[in-house]
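Letter by letter, the chains look like this.
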Amino acid sequence: MAAPAASDPESFLKSVLNHVSSPAEPPQNRPFVTLTYAQSLDGKIAGKGGKQLILSGNESMLMTHWMRTMHEGILVGIGTALNDDPQLNTRRLPVRAEPYPQPIPIILDSQLRFRSNCKLVGNYGSGNGRQPWVLCSEEADPKKRESLENAGVKIVPVKSNPQTGKLDLDDVLSILRKLGVKSLMVEGGQQVISSFLSHKSSSTGKSAVDSIIVTVAPTYVGNEGVGALDEGQLPAKVAHVSSTVMGRDSIVACRPTES
Ligand SMILES: NC(=O)c1ccc[n+]([C@@H]2O[C@H](COP(=O)([O-])OP(=O)(O)OC[C@H]3O[C@@H](n4cnc5c(N)ncnc54)[C@H](OP(=O)(O)O)[C@@H]3O)[C@@H](O)[C@H]2O)c1
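Residues numbered from 1 in each chain as written. Predicted model: local features only at pLDDT ≥ 70, side-chain atom pairs only at ≥ 80, totals over all residues. Heavy atoms only, no water.

### Focus: the overall build of the protein chain
Argument step 1. From N to C terminus, the protein chain includes 8 helices and 11 strands.
Argument step 2. Against the 2.2 N^0.38 benchmark of 18 Å for 259 residues, the protein chain shows a C-alpha radius of gyration of 17 Å, consistent with a compact globule.
Argument step 3. In the protein chain, buried positions account for 50% of the 259 residues.
Argument step 4. Once local pairs closer than 6 in sequence are excluded, the contacts in the protein chain between residues at least 24 apart make up 74%.
Argument step 5. By element, 48% of the accessible surface of the protein chain is carried by carbon and sulfur atoms, the whole surface being about 12,500 Å². (Helix = DSSP H or I, 4+ residues; strand = E, 2+ residues; numbered from the N terminus. Rg over C-alpha atoms; globule rule 2.2 N^0.38 Å. Buried < 20%, exposed > 50% of the residue type's maximum accessible area, 1.4 Å probe, protein only. Contact = heavy atoms within 4.5 Å. Areas by Shrake-Rupley, 256 points an atom, 1.4 Å probe, with all protein chains shown as cover.)

Next up, the structure:
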């Protein structure tokens, strides 16, 4: 597939995201899943101690915001929610009469560590984002649950995986699908990227990721930075789909060979 002009993030995304270019129903038990993150030349997604780094340049950041308009949900782990206090909404896009669709912010957070004074809750209250959904363990503290619900957060209990102690991704994806989320953008951080990349569906034995879009920024972070992948987790084998350049950054789109 030929990459379009480097300056057109919307067309590039439409050319690599099948669910956008030829809309179809996702599988019954999960949404379409796009995994995306920005990394340095040495494969780091954050600085020493998890310090948030703005790795993407303006052009690739714009692409990320276009990508958010093309997904119904946007998922991060509680590590990212606590560390970065992200907004996960669509901003920076060209002004137009019709508002851009906003994805539902979705947080994987077994023990309900999510903070109700974060930007996601504030943006929901001020109309600058959708209601945040926090997916937690079925055993999570009911008092924490009640307090977050009172703050406007939707709490969704899911099964835990006894082997990893984390939320079970098959259950996460199947519950999101049942709740009507047909497309999901997974934005990090390290543990969530690793979990999604190494996960194989228990029903099909295949990856639950449809597309991987990585921004590579021309900078080195150094050994103390946080790598894109958690050590010890074996990522899926991938095939190249397309590459392009956005400003100073390179964008690589791949897909797991078994999805
Ligand atoms: N460059 C980028 O594109 C980018 C994007 C996002 C984040 N980041 C960076 O990534 C760092 C955060 O990464 P992180 O690894 O600490 O946190 P994370 O991946 O955002 O969140 C990990 C936490 O999510 C919860 N979780 C629940 N179920 C899970 C599952 N099945 N798989 C994985 N996690 C699950 C776990 O906490 P519980 O056990 O408590 O539930 C886990 O500790 C920050 O430094 C941030 O700046 C970079």
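### Let's talk about the UniProt feature "domain: Bacterial bifunctional deaminase-reductase C-terminal" (unreviewed entry) in the protein chain
Argument step 1. In this structure's numbering, the residues bearing the UniProt feature "domain: Bacterial bifunctional deaminase-reductase C-terminal" (unreviewed entry) are residues 31-250.
Argument step 2. Annotation note: span residues 31-250, helix share 25%, strand share 25%, distance between end C-alpha atoms 27 Å. (UniProt positions renumbered as here; feature names shortened; annotations may be inferred.)

### Topic: the site of the ligand
Argument step 1. Lining the immediate environment of the ligand, one finds 26 residues, of which Ala38, Gly50, Thr80, Ser110 and Ser195 sit closest.
Argument step 2. Side-chain polar atom of Asp84 to an oxygen atom of the ligand: 2.9 Å apart, as the coordinates give it.
Argument step 3. Residue Ser110 places a side-chain N or O atom 2.7 Å away from an oxygen atom belonging to the ligand.
Argument step 4. For the ligand, whose unbound accessible area comes to 930 Å², protein coverage reaches 87%.
Argument step 5. When residues of the shell around the ligand are traced back to their parent elements, those giving at least two are β1 (32-39), β2 (44-46), α4 (78-84), β7 (183-188) and α8 (190-198).
Argument step 6. It is α4 that contributes the most residues to the shell around the ligand, 5 residues altogether.
Argument step 7. Considering only residue class, the shell around the ligand consists of 9 nonpolar, 12 polar and 5 charged. (Near = heavy atom within 4 Å. Polar contact = N/O pair within 3.5 Å; in protein donor to acceptor, adjacent residues only side chain to side chain. Nonpolar A, V, L, I, M, F, W, Y, C, P; charged D, E, K, R; others polar.)

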